[in-house]
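Residues per chain, in single letters:
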Amino acid sequence: MRLPKNSNDARHVCHRDNTRAQKFRFNLEGKAFSQQFSKFYEARLKKTSPRLESLATQKWGSDIPIRQVCHVVSGETCILIGTIFKEMKLQPSVLKELSDDLNLLPQPIRDNYTSEDDVLYLEDMLQRIVLVGDIVGDELVTGVNIAVKGVEREDNPGHFTVEDICFLNLSPCLPPSGTEESEVLLVCGLEFGGAKATQLSLQLLSDYVSGGLGETEDVSKICRVIIVGDSVGKEVHDKDQHYKAKYLTKNIIAGSVDAVKQLNSYIENLTQHIPVTIMPGEYDPSNYTLPQQPLHPCMFTDTTGRLETAPNPYECEIEGTHILGHSGQPTNNIMKFSKLKSSSQVLRKCLEWGHIAPTAPDTLASYPYSEDDPFVIESCPHLFFAGNQNSLEAEYFTQGDGRCLCLALPKFSETGICVKVNLKTLAWEPICFSVGPM
């Protein structure tokens, strides 16, 4: 039995605190691209340094001095606070990309750029120093703020021998205050217009959310659908058209136009039954750099007022549950420049580092902030998600009474999987609409 289109008595209505959503710290009000990216790293370090100083003092005591890199005294044990820079021999370079002009061999395409020759540096606002000793570089990336305790040995000047390290290590929040009747449904990678999009799976998902599959009791608990990027397939972007004369393409309609029309029709049907939040992804019609701005409202004919176009990353609070996540670009980029293989492990590391996208702007395109870094995680969320990953993964980060669910979502177009999360217990349940061969 299908739920009535405007049946508020049949579906649980979430009490949504829009304080976080309305602030939208990931929205760009003024856009200026003249500033240098070095200011971005300075803003990040200024924002995290007080917390790192406090944590370092708690961990190692106040007797060990905290010094700037330029004031390190050889033979003295001290604490340094700064930003990790990872020198990687295999990292793509603009100069290396010009190998044809330089008569050099072209760079091979790699899935991972780490090697045994990688060197770790710690840099503050004035200087940098090589890190050696008790520190695992394979699990670190450029951009992570860290406090290290150690010594510059007299027989090895310019190298800081690390004895211990301290990250921001966010503590999980106390349990959510919502009711057990509230759930959110997360789905990503719908990829309208793409080669892997399956209309039957998409229709089954729509029927499920609307109650058309008969499971009305379970569906009525879902109070919001969050679409986590890549709603348009990458195949609709025909780069060849950019290099053709205009008279050759003036009567050709871009594939993305038809894909957006299909997406609009699909979301228009969903919003007849439930509020929907949609985030942009790597292949969606939004800006390429993070934070990606909300998809333009003119793309959608929202007649119900239930559609929220949100930025990527996205943060909100529903039923007292703090939700934070992105469409997958930061997680995918971190795995390219470290030996972290699991998406849920990367999410857990981001909570440890206190940052959503530490590799921005070095290897991940980002807006050049100069006064603030909005990607710094101020407080640990209850639900931390990443969309468009290779597989479905979930891991609970627990400490004391607090708990955070780190959730990696696979593409719906490839797996037919979406995930329900209970806003009170943080219990999660995958739902599969995959349609196999007959």
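None of these values were measured; they are calculated from a predicted model.

Peer 1: Please explain the overall build of the protein as it appears in this structure.
Peer 2: Helix and strand counts for the protein come out as 10 helices and 18 strands. The buried share of the protein, reckoned over its 438 residues, is 51%. Sequence separation of at least 24 residues holds for 73% of the intrachain contacts in the protein that already meet a minimum separation of 6.

Peer 1: Help me understand the pairing of strand 8 (residues 183-187), please; the structure alone is not making it clear to me.
Peer 2: On a regular strand, one side chain projects to one face of the sheet and the next to the other, so that they alternate. For strand 8, the buried fraction is high: five of the five residues fall into the buried class. The side-chain alternation of strand 8 yields two buried faces, one formed by Glu183, Leu185 and Val187 and the other by Val184 and Leu186. Bridge analysis of strand 8 against strand 9 (residues 222-228) gives five bridges, and the strand direction is parallel. Each bridged residue has a counterpart across the sheet, and for Glu183 the counterpart in strand 9 is Ile222. Of the pairings in the sheet, the one linking strand 8 to strand 17 (residues 417-422) comprises four bridges and is antiparallel in character. Considered in strand 17, the bridge of Glu183 is made with Asn422.

Peer 1: How do you make sense of the sheet that holds strand 11 (residues 307-309) when you look at a structure like this?
Peer 2: Within a sheet, neighbouring strands are paired by backbone hydrogen bonds and run either parallel or antiparallel to one another. Strand order across the open sheet formed by six strands is 11-10-9-8-17-18, with mixed pairing between neighbours. Unpaired on one side and paired on the other, strand 11 and strand 18 (428-432) mark the two borders of the sheet. Ignoring strand direction, the axes of neighbouring strands in this sheet form an average angle of 20°. Pairing analysis gives three bridges linking strand 10 (residues 276-279) to strand 11, with the strands arranged parallel. Counted as the bridge partner of Ile278 is Thr309 from strand 11. Relative to the sheet, helix 4 (residues 199-210) contacts strand 8, strand 9, strand 17 and strand 18, its axis offset from that of strand 8 by approximately 170°.

Peer 1: When you look at a negative patch on the surface in this model, what are you seeing that I'm missing?
Peer 2: A grouping of Glu181, Glu215, Glu217 and Asp218 is seen on the molecular surface, where their side chains present a negatively charged patch. What makes Asp218 partly exposed here is its relative accessible area of 37%.

Peer 1: Which parts of the structure should I look at to understand the layout of surface pockets?
Peer 2: Vacant regions in the atomic arrangement are exposed by a probe of water-molecule size rolled over the atoms. One number sums up the size of the largest pocket: a volume of about 950 Å³. Elements supplying a minimum of two residues to the lining of the largest pocket: helix 8 (329-336) and strand 14 (383-389). It is helix 8 that provides the largest number of residues to the lining of the largest pocket, a total of five residues. The class makeup of the residues in the lining of the largest pocket is 10 nonpolar, 11 polar and 12 charged.

Peer 1: What am I meant to see in unusual backbone geometry here?
Peer 2: Leaving glycine out, the prevailing phi sign among residues is negative, and the prevailing peptide bond configuration is trans. Following Leu290, the chain continues to Pro291 via a peptide bond in cis, the omega torsion being -5°. Locating Pro291 in the fold gives a position in the loop between strand 10 and strand 11. Residue Asn312 is joined to Pro313 through a cis peptide bond whose omega torsion reads 5°. Its identity is not glycine, yet Asn169 carries a phi of approximately 45°, on the positive side. Residue position: Asn169 is located in the loop between strand 7 (159-166) and strand 8. A relative accessible area of 41% places Asn169 in the partly exposed class. Phi at Glu191 is positive, roughly 50°, even though this residue is not glycine. Tracing the backbone shows Glu191 in the loop between strand 8 and helix 4. By relative accessible area, Glu191 is classed as buried at 5%.

Peer 1: Would you explain the packing of aromatic side chains in this entry?
Peer 2: Both the distance between ring centres and the angle between the ring planes are used here to describe each pair of aromatic rings. Inspection of the entire model under this criterion finds 10 aromatic pairs. For the ring pair Tyr367 and Tyr369, a centre distance of 5.0 Å and an interplane angle of 75° mean the geometry is edge-to-face. Across the pair, Tyr369 and Tyr367 agree in class, each one buried. Relative to Phe433, the ring of Phe412 lies with its centre 6.5 Å away and its plane at 50°, an arrangement referred to as tilted. With Phe412 in helix 10 (residues 412-415) and Phe433 in the segment after strand 18, this pair connects stretches of sequence that are 21 residues apart. Here the two residues Phe412 and Phe433 agree in accessibility, since each one is buried. One aromatic cluster is present, built from ring pairs that chain together Phe26, Phe40, Tyr367, Tyr369 and Phe375. In this arrangement the basic side chain of Arg128 is found over the ring face of Phe85, its NZ or CZ atom lying 4.4 Å from the centre. Over the ring of Tyr121 we find Arg128, and its NZ or CZ is 5.2 Å from the ring centre.

Peer 1: Could you clarify how one ought to interpret helix 2 (residues 38-60) in this entry?
Peer 2: For the α-helix, the turn length of 3.6 residues means that residues three or four positions removed from each other point alike. For helix 2, the principal kink sits at Ser49 and spans about 40°; a proline, Pro50, occurs within the next four residues. All buried positions along helix 2 are accounted for by Phe40, Tyr41, Ala43, Arg44, Leu45, Thr48, Ser49, Leu52, Ala56 and Trp60. In this structure, the buried residues of helix 2 make contact with strand 3 (77-87), strand 4 (119-123), strand 6 (145-152) and strand 7. Gly61 sits one or two positions beyond helix 2 and adopts a positive phi of about 90°.

Rules of the game
- Positions within a chain are numbered from 1, following the residues in the order the chain's sequence is written.
- Under the rules for a predicted model, residues below a pLDDT of 70 receive no local features and side-chain atom pairs below 80 are neither given nor counted, while totals for whole chains, interfaces and linings still include all residues.
- In computing side-chain properties, one takes all heavy atoms of the structure into account and sets aside hydrogens as well as water.
- Secondary structure counts use DSSP, requiring at least four H or I residues in a row for a helix and at least two E residues in a row for a strand, with both numbered from the N terminus.
- Throughout this description, buried means an accessible area under 20% of the type-specific maximum (1.4 Å probe, protein chains only), exposed means over 50%, and partly exposed covers the range between.
- Any pair of residues with heavy atoms lying within 4.5 Å of one another is described as a contacting pair.
- Pairs of strands are assigned from DSSP output, requiring at least two bridges between the strands.
- Lines fitted to C-alpha atoms define the axes, with helix axes restricted to the stretch in contact, and inter-axis angles between N-to-C directions lie between 0 and 180 degrees.
- By definition, no residue in a patch forms a salt bridge, and every one has over 30% relative accessible area; like charges are joined within 9 Å, nonpolar side chains (Val, Leu, Ile, Met, Phe, Trp, Tyr) within 5 Å.
- The Shrake-Rupley method, run with a 1.4 Å probe, gives the accessible areas here. Residue values count only the displayed protein chains as cover.
- Each salt bridge in this description consists of a side-chain nitrogen of Lys or Arg and a carboxyl oxygen of Asp or Glu lying within 4 Å of one another.
- When charges are counted, neither His nor the chain ends are considered; positive counts come from Lys and Arg and negative counts from Asp and Glu.
- Lysine's charge is taken at NZ, arginine's at CZ, aspartate's at CG and glutamate's at CD.
- Using a 1 Å grid laid over the protein atoms alone, points where a 1.4 Å probe fits but cannot get out form a cavity; open sets with protein on both sides within 12 Å along at least 5 of 7 lines form a pocket; any residue with an atom within 4 Å of a point counts as lining.
- Grid points are joined across faces, edges and corners, and a volume is the space filled by probe spheres set on the points.
- When residues are sorted by character, Ala, Val, Leu, Ile, Met, Phe, Trp, Tyr, Cys and Pro go into the nonpolar class, Asp, Glu, Lys and Arg into the charged class, and all the rest, Gly among them, into the polar class.
- By convention, a stacked pair of Phe, Tyr or Trp rings (six-membered ring in the case of Trp) has centres within 6.5 Å and planes under 30 degrees apart, an edge-to-face pair has planes over 60 apart, and any other such pair is tilted.
- Geometrically, a lysine NZ or arginine CZ counts as sitting over a ring once it is within 6 Å of the ring centre and also within 35 degrees of the ring normal.
- The angle between axes fitted to the seven residues ending at a residue and the seven residues starting there is what we call the bend at that residue.

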